Each structure stands twice: as structure tokens, then as C-alpha cells.
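# A structural walkthrough
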Amino acid sequence: VRGVLPLVQALVLQPDQADLLPQAITSGFHLFQSIKRAGAFLGLAHLTAPAEAMGYLLDRVRAGVLPLTPQRLALLAESCTFLDQGLVLILRE
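Residues numbered from 1 in each chain as written. Predicted model: local features only at pLDDT ≥ 70, side-chain atom pairs only at ≥ 80, totals over all residues. Heavy atoms only, no water.

Here the focus is helix α1 (residues 4-13). Because each turn of an α-helix spans 3.6 residues, side chains separated by three or four positions end up pointing in the same direction. Within α1, the full set of buried residues consists of V4, L5, L7, V8 and L11. Looking straight down α1, one finds that the buried residues subtend no more than 160 degrees of arc, so they occupy a single side. Where the residues of α1 are buried, they touch α2 (20-42) and α4 (70-92). (Buried < 20%, exposed > 50% of the residue type's maximum accessible area, 1.4 Å probe, protein only. Helix = DSSP H or I, 4+ residues; strand = E, 2+ residues; numbered from the N terminus. Arc of directions from axis to C-beta. Contact = heavy atoms within 4.5 Å.)

Set out below in C-alpha cells:
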């Protein structure tokens, strides 16, 4: 999460940086796929469901089916922040 979040935040601030876009989308996709698999293994549905949804969305963006609109970029940033905070809480528990 900490590797993807700076890329996404940079895109939010400067959405015209085309060189960051593929890296952020691909890294985000792999992050959410990993969270989905690990969450399912550990029974963490509260992390698995959002990760699955974001993984699907990013896969559609990667395939060129959906554009990465400002709203979708904001959702990606919020989802990374959610996971970052959620993983900290899981470690505490």
C-alpha cells in the first residue's frame, strides 16, 4: 500500500503525468489482488470485498474498457488509504 499510495497521490495532484498512469494502475491492481487473496485466506471480508471491487475496476481500466476519470482516481486514492489504515488496525488486533 505504501508503494502504491504515493503514485496515486501524485496522479491526483498532476493527472496529466501519463508516465505514472500505467505504473499506478498496474501496481494498484496487483495490490488489490494480493489483498483479496490474503483477506480470503484469513477470513477478512471487510478487506476482501473492497479489494475485489477495486481489482475489477483497475482491470477494466488496464484493458482500456474504462477511462481513469478523476472520480475513479479519487476512489483509487481513497481505497489505498482505507487499506493502509485497515491493515494497521488488523496488526493491532
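So, next bit.
With respect to the helices and strands, the residue T48 is situated in helix α3 (residues 45-62). Ignoring sequence-local partners within four residues, the contact set of T48 consists of K36, G39 and A40.

Another point: α4. Spanning 23 residues, α4 covers 33 Å between terminal C-alpha atoms, matching the ideal 33 Å at 1.5 Å per step. Those residues of α4 that fall on the buried side of the exposure criterion are L73, L76, A77, S79, C80, L83, D84 and G86. The elements touched by buried residues of α4 are α1, α2 and α3. (Expected span 1.5 Å × (residues − 1).)

A few words now on the environment of A10. The topology assignment puts A10 in helix α1. When the C-alpha positions of A10 and L20 are compared, they lie 8.1 Å apart, and in sequence the two are 10 residues distant.

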